[in-house]
Amino acid sequence: MKEKRENLIIARKMKGWTQEELAKSVGISRAYLANIERGEHDPSLKVAQLISCQLELSVDLIFFQSNVR
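As a starting point, this report considers the structure included with it. Just so it is clear, the structure is predicted and the values come from calculations on it, not from any experiment.

Another aspect to go through is helix H1 (residues 6-14). Every buried residue of H1 is listed here: Asn7, Leu8, Ile9, Ile10, Ala11 and Arg12. Against the buried residues of H1 lie helix H2 (19-26), helix H3 (30-37), helix H4 (45-55) and helix H5 (59-63). Of the residues one or two after H1, Gly16 is the one with positive phi, at around 80°.

It is worth spelling out the pattern of salt bridges at this point. Evaluation of the coordinates by the stated rule reveals four salt bridges. A salt bridge links Lys15 to Glu56, with the shortest nitrogen-to-oxygen separation between them at 3.1 Å. Of this pair, Lys15 sits in the loop between H1 and H2 while Glu56 sits in the loop between H4 and H5, and the two are 41 residues apart along the sequence. Residue classification places Lys15 among the partly exposed residues on the basis of a relative accessible area of 32%.

Here we come to the packing of H2 against H4. The interhelical angle for the contact between H2 and H4, taken along N-to-C directions, is 120°, at an axis separation of 9 Å. The two elements H2 and H4 cross, and the hand of that crossing is right-handed. Residue-level inspection shows Leu22, Ser25 and Val26 of H2 in contact with H4, the latter providing Val47, Leu50, Ile51, Gln54 and Leu55. Taken together, the residues of the contact of H2 with H4 sort by class into six nonpolar, two polar and no charged.

Conventions we followed
Residues numbered from 1 in each chain as written. Predicted model: local features only at pLDDT ≥ 70, side-chain atom pairs only at ≥ 80, totals over all residues. Heavy atoms only, no water. Buried < 20%, exposed > 50% of the residue type's maximum accessible area, 1.4 Å probe, protein only. Helix = DSSP H or I, 4+ residues; strand = E, 2+ residues; numbered from the N terminus. Contact = heavy atoms within 4.5 Å. Salt bridge = Lys/Arg side-chain N within 4 Å of Asp/Glu carboxyl O. Axes fitted to C-alpha atoms, helices over the stretch in contact; angles between N-to-C directions. Left-handed = near helix turned anticlockwise from the far one by under 90°. Nonpolar A, V, L, I, M, F, W, Y, C, P; charged D, E, K, R; others polar.

Okay, here's the thing in structure tokens:
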């Protein structure tokens, strides 16, 4: 199992969004986003870019660096 994606969770919560809201804005299911957040699935590059655009942070910061705070 992969590491939980803390930066994604923190960034989403900093925006005040639920999983459902972010997933809808990106065009994916809430369940798929939850799996990404838990590290059970890796997003495609396109999905990672859409998520980063919605959260106004870089893909690198959300998915590859530690501590978004």
